[in-house]
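Descriptive analysis of the structure
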Amino acid sequence: MDVKLKRTVYTAVLSAMIFVLTTFLHVPVASGYVHFGDALLYICAILLGSPWAFLAGAVGEGLADVAGGFAAYAPATVIIKVLMVIPFVLLNKTQGAKKLFSKKAVMFSVLAGVINVLGYFAADMVIARAYAFVDIPGNIIQSAGSAVIFVALALALDKAKILDKINIH
């Protein structure tokens, strides 16, 4: 199969999975919820790089906002998710998709969490100013949860040698 077609198919599948894991598999906490979508997005970025991960995040997470009743946040989410995966995309460019778990990937999941918290704080200042500070704890919990879920998924997928099985390159 052509590499571009294979990446397009993986992007579509991962977009759908990110949407489902964000919309339907989440745990309410503080002023938000912890979901699995961001962790899968990080894996997508390491696997596929850009522009594929940007597209998967924009579509999967943006549509999750619309479906979840937060359509006003969808444009901000698209921008925030793209910014969050830039470090992972750079990781893909520098080391290739040899493995999902690494010390750099863990550090980047923390950096992505900071981008998430600051990004939604800025979005709240524009969209719902009264909630900007109230939403910070929930966004911190979501970001920490995403990092933990990412580490668990990356370790499990590396142990299963998933990269050898899907062969994207």
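Details of the structure are given in the entry above.
Before going into details, it helps to say that this report is about the structure given with it. Here the structure is a predicted model, which means the values were calculated and not measured.

**Overview of the side chain of aspartate 38**
Counting through the fold element by element, aspartate 38 comes out in helix H2 (residues 37-48). The buried category is assigned to aspartate 38, whose relative accessible area is 0%. In terms of polar contacts, aspartate 38 uses its side chain to reach the side chain of glutamine 142, at 3.2 Å. Setting aside chain neighbours within four positions, we find aspartate 38 in contact with Glu61, Lys81, Met84, Gln142 and Ser146.

**Overview of the layout of surface pockets**
Taken as a whole, the largest pocket encloses approximately 460 Å³ of empty space. What lines the largest pocket is a set of 21 residues, among which Ser31, Gly32, Tyr33, Tyr120 and Asn139 lie closest to the centre. At the level of elements, strand S2 (32-35), helix H3 (52-67), helix H4 (74-95), helix H5 (103-127) and helix H6 (136-159) are the ones that each hand at least two residues to the lining of the largest pocket. Here the residues of the lining of the largest pocket sort into seven nonpolar, nine polar and five charged. In terms of lining, the second largest pocket is formed by 14 residues, of which the most central are Leu14, Met17, Leu40, Leu47 and Leu157. For the lining of the second largest pocket, the secondary structure elements donating two or more residues are helix H1 (3-23), H2, H6 and helix H7 (162-166). A total of five residues in the lining of the second largest pocket trace back to one element, the largest contributor, which is H1. Split into classes, the residues belonging to the lining of the second largest pocket amount to 14 nonpolar, no polar and no charged.

Criteria and thresholds
- Residues numbered from 1 in each chain as written.
- Predicted model: local features only at pLDDT ≥ 70, side-chain atom pairs only at ≥ 80, totals over all residues.
- Heavy atoms only, no water.
- Helix = DSSP H or I, 4+ residues; strand = E, 2+ residues; numbered from the N terminus.
- Buried < 20%, exposed > 50% of the residue type's maximum accessible area, 1.4 Å probe, protein only.
- Polar contact = N/O pair within 3.5 Å; in protein donor to acceptor, adjacent residues only side chain to side chain.
- Contact = heavy atoms within 4.5 Å.
- 1 Å grid on protein atoms, 1.4 Å probe; cavity = no way out; pocket = protein on both sides within 12 Å on 5 of 7 lines; lining within 4 Å.
- Points joined across faces, edges and corners; volume = space filled by probe spheres on them.
- Nonpolar A, V, L, I, M, F, W, Y, C, P; charged D, E, K, R; others polar.

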